Amino acid sequence: MLGLFKGFGRGQRASAPTVEHPPLQVKPRHIGIIMDGNGRWARKRALPRMAGHHAGMISMRETIRACDDFGIECVTLYAFSTENWKRPVSEVEYLMRLPEQFFRSEIDELVSRGVRVRFMGDTSRLPPYTQETVRNSLERTAQNTGMTVNFALNYGGRSELMHAMSQFAQEVAAGRTCADELTEERFESYLDTAGLPPLDFVIRTSGEIRLSNFLIWQSAYAELWFTDTLWPDFSKEELYQAILEFGRRKRRFGDVE
Ligand code: FPP
């Protein structure tokens, strides 16, 4: 099953002429991406859904490279949600094998770029082979100090919030803190994104206009950007345009101008 879709994807993009982008004056420190539309991309080509996910993985690789080239500090990629278990077993299995496939071919480049890999979500529920990939990629990139790539795997915003609340409640029950000592900053230290820069930009592809349980606490003041482009067709150029638009937004955080 794994190598089955090797020929699909977008090899053509690798040889496409590279456009020189003028340096970005204003850019988000932390971008979150909801990579949506793999299935529709495949259906339009009369291909199986898995071919869409494979093409999506190639698009993800290009996007990671682009974020690094643009000097973004952190990118969080929604790769598998807590709701995605509802999909057919064969699709879930394919998605669970993708990290292994991705890191086998990309880890050397990530290391040479100084990228630090992180994961968020309940990775303890992933199949053993996916967990092994998680461990290996964390180990291989632990000393890196460049861009952080944070993969959301078996992640859901509500479950993250419940987990954070439960951790705090346990601290209270153990007498290590009091309920009224809870501040926003302290609460954030229990979230999966603890230690990452504040999320300032969320991109969603494929024309859907919702967050689908992605970083629901962290996106409170993030700028949102939606495109009809299906994820496998998302390009460095479109990312650049999105970041330019981010730079034009007036961010007031509830204040007046
Ligand atoms: C949503 O499209 C996409 C996903 C559920 C999977 C996204 C995963 C990748 C892009 C690759 C992940 C790779 C690694 C290494 C973590 P969809 O299937 O819901 O598309 P549809 O809405 O058109 O059906």
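Residues numbered from 1 in each chain as written. Predicted model: local features only at pLDDT ≥ 70, side-chain atom pairs only at ≥ 80, totals over all residues. Heavy atoms only, no water.

An unreviewed UniProt entry annotates the chain as Isoprenyl transferase of Alicyclobacillus fodiniaquatilis. UniProt's Function (unreviewed entry) comment on the chain is quoted here verbatim: "Catalyzes the condensation of isopentenyl diphosphate (IPP) with allylic pyrophosphates generating different type of terpenoids." (UniProt positions renumbered as here; feature names shortened; annotations may be inferred.)

On to the pattern of salt bridges, then. Per the stated rule, a full pass over the model turns up 27 salt bridges. Between Asp36 and Arg40 there is a salt bridge, and its shortest N-O distance comes to 3.5 Å. Judged by its relative accessible area of 19%, Asp36 falls in the buried class. For Arg40, a relative accessible area of 26% gives the class partly exposed. With its nearest N and O atoms 3.6 Å apart, the salt bridge here joins Arg61 to Glu106. Residue Arg61 is located in helix α3 (residues 49-69), and its partner Glu106 is located in helix α4 (residues 89-112); the two are separated by 45 residues in the primary sequence. When its relative accessible area of 7% is taken as the criterion, Glu106 is described as buried. Each of Arg61, Glu62, Arg65, Asp68, Asp69, Glu106, Glu109, Arg113 and Lys236 takes part in salt bridges that share partners, so that together they form one network. (Salt bridge = Lys/Arg side-chain N within 4 Å of Asp/Glu carboxyl O. Buried < 20%, exposed > 50% of the residue type's maximum accessible area, 1.4 Å probe, protein only. Helix = DSSP H or I, 4+ residues; strand = E, 2+ residues; numbered from the N terminus.)

The next thing to look at is the packing of α3 against α4. A pair of packed helices is characterised by two quantities: the angle between their axes and the separation of those axes. Two elements in contact, α3 and α4, have axes separated by 10 Å at closest approach and are oriented at 30°. Comparing their axes, α4 and α3 come out roughly parallel. For the pair α3 and α4, the crossing hand works out as right-handed. Here Arg49, Met50, His53, His54, Met57, Met60, Arg61, Ile64 and Arg65 of α3 lie close against α4, whose contacting residues are Ser90, Glu91, Tyr94, Leu95, Leu98, Gln101, Phe102, Glu106, Glu109 and Leu110. Looking at side-chain class alone, the contact of α3 with α4 contains nine nonpolar, four polar and six charged residues. (Axes fitted to C-alpha atoms, helices over the stretch in contact; angles between N-to-C directions. Parallel < 35°, antiparallel > 145°, perpendicular 65-115°, else oblique. Left-handed = near helix turned anticlockwise from the far one by under 90°. Contact = heavy atoms within 4.5 Å. Nonpolar A, V, L, I, M, F, W, Y, C, P; charged D, E, K, R; others polar.)

Right, let's get into the UniProt feature "binding site: Mg(2+)" (unreviewed entry) in the chain. Under the present numbering, the feature "binding site: Mg(2+)" (unreviewed entry) in UniProt falls on Asp36 and Glu223. Checked against the lining of the largest pocket, the annotated residues reduce to Asp36. Discounting residues that sit within four places of it in the chain, Asp36 has contacts with Arg204, Thr205, Ser206, Glu208, Leu230 and Trp231. Its location among the elements puts Glu223 in strand β6 (residues 223-226). (1 Å grid on protein atoms, 1.4 Å probe; cavity = no way out; pocket = protein on both sides within 12 Å on 5 of 7 lines; lining within 4 Å.)

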